[in-house]
Each structure stands twice: as C-alpha cells, then as structure tokens.
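# Structural overview for review
Residues per chain are reported as follows:
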Amino acid sequence: METIQEYASELILLLFLALTFLQSGADKIFDWKGNIGWLKGHFLKTPFRNSVPLLVGIILALELITGIASLMGIYGILSSQNTSMAFWGALLGCITLLMLLLGQRVAKDYDGARTIVIYLMPTVFLLFLLQN
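The written sequence of each chain sets the order in which its residues are numbered from 1. Since the coordinates come from a predicted model, pLDDT governs what is reported: local features require at least 70, and pairs of side-chain atoms require 80 or more to be given and counted, while whole-chain, interface and lining totals use all residues. Think of the side-chain values as coming from all heavy atoms in the structure, minus any hydrogens and water.

### Considerations on the overall build of the protein chain
Secondary structure follows DSSP: runs of H or I at least 4 residues long count as helices, runs of E at least 2 residues long count as strands, and numbering of each begins at the N terminus. Within the protein chain, the secondary structure is distributed over six helices and zero strands. Along the protein chain, helices and strands appear, N-terminal first, in the series α-α-α-α-α-α. For the protein chain, buried positions account for 41% of its 132 residues. Residues are treated as being in contact if the distance between any of their heavy atoms lies within 4.5 Å. Considering only contacts within the protein chain whose residues lie at least 6 apart along the sequence, 74% involve residues at least 24 apart. Note that accessible areas follow from Shrake-Rupley with a 1.4 Å probe, and for residues the cover is restricted to the protein chains shown. Summed over its atoms, the accessible surface of the protein chain is roughly 7900 Å², and 67% of this surface lies on carbon and sulfur atoms. With 8 positive and 8 negative side-chain charges, the protein chain shows a spacing of 21 Å between the two charge centroids. Buried, partly exposed and exposed residues are distinguished by accessible area as a fraction of the type maximum, computed with a 1.4 Å probe on protein chains only: under 20%, between the cut-offs, and over 50%, respectively. Positive charges are assigned to Lys and Arg, negative charges to Asp and Glu, while His and the chain termini are left out of the count. Lysine's charge is taken at NZ, arginine's at CZ, aspartate's at CG and glutamate's at CD.

Okay, structure coming up:
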C-alpha cells in the first residue's frame, strides 16, 4: 500500500499512457485501411504524402511499444519500486507525441497539433517525476 501512495501520480500517468497508446495502436490495427485512407488525404499536400503507410506503421510500432512499456512500468513500480521501465515508457511517449505533433504541424492542422500538446504535457510531467 505504501508503494501506491508513494507513486500514485506516476501510476496514474503510466495508466493514462498505456490506455492512450494501446487504444490508438489497436485502432490502427483494426481499421488500417480507414486510417490510411483518411491520413493520405490529411497529408496530400505535404512532403509525407508518399510515405503515409510507412509512417503510420512506425507510429503504430511506437504506440504499442510505449503502451507495453507503460504497463511494464506499472508492474515494476508495484512489484519492486523499480522505475526504469516507467521512465522508458514516458520517454517513448514523449518521442511518439513529438512525432505526431510534427505530422500535424506539417499538415497545417493546428487544432490537431494543439490536441497533441494536451497529451504531451502530462507525459513530460511524468518524465520529470521519474528522473533520478
């Protein structure tokens, strides 16, 4: 019980990352064609227009790795108060969100970019909490 009280913020933020990234990854897996079709239109007038499937695949892999690392981070904290995997989950989350932010900015989707920043703020805060 002491571990939960001591790491409550980190655990909640890790769960936030796990839910966010695993759901997003699952959506890409189960609706690949729909996502690719929409994103091809979204990036039609950008330098990314010919690379959409590759870039979505990279983002998908990063989202799944981030989500799994976040879950492993929760386990590490609860089982042994080890925060190393949690740190990697937070760091990968920041990198993934920055890549998504770049895509939204390149597509000139400023509302979409603003939404990414909303996710980035708690992720950076988690990274800060986990620094030793």
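### Details of a nonpolar patch on the surface
Patches draw on residues past 30% relative accessible area with no salt bridge. Two like charges within 9 Å are joined, as are two nonpolar side chains (Val, Leu, Ile, Met, Phe, Trp, Tyr) within 5 Å. Note on definitions: salt bridges are taken to be side-chain nitrogens of Lys or Arg within 4 Å of carboxyl oxygens of Asp or Glu. Where nonpolar side chains cluster on the molecular surface, the patch consists of Leu 54, Leu 55, Ile 58, Ile 95 and Met 99 and spans about 400 Å² of accessible area. Elements supplying a minimum of two residues to the nonpolar patch: α4 (52-80) and α5 (84-106). With three residues, the top contributor of residues to the nonpolar patch is α4.

### Considering the UniProt feature "domain: Methylamine utilisation protein MauE" (unreviewed entry) in the protein chain
UniProt positions are given in the numbering used here, feature names are shortened, and annotations may be inferred rather than shown by experiment. If you check UniProt for "domain: Methylamine utilisation protein MauE" (unreviewed entry), the listed places come out as residues 11-102 in our numbering. Secondary structure across residues 11-102 divides into 86% helix and 0% strand, with the first and last C-alpha atoms of the span separated by 28 Å.

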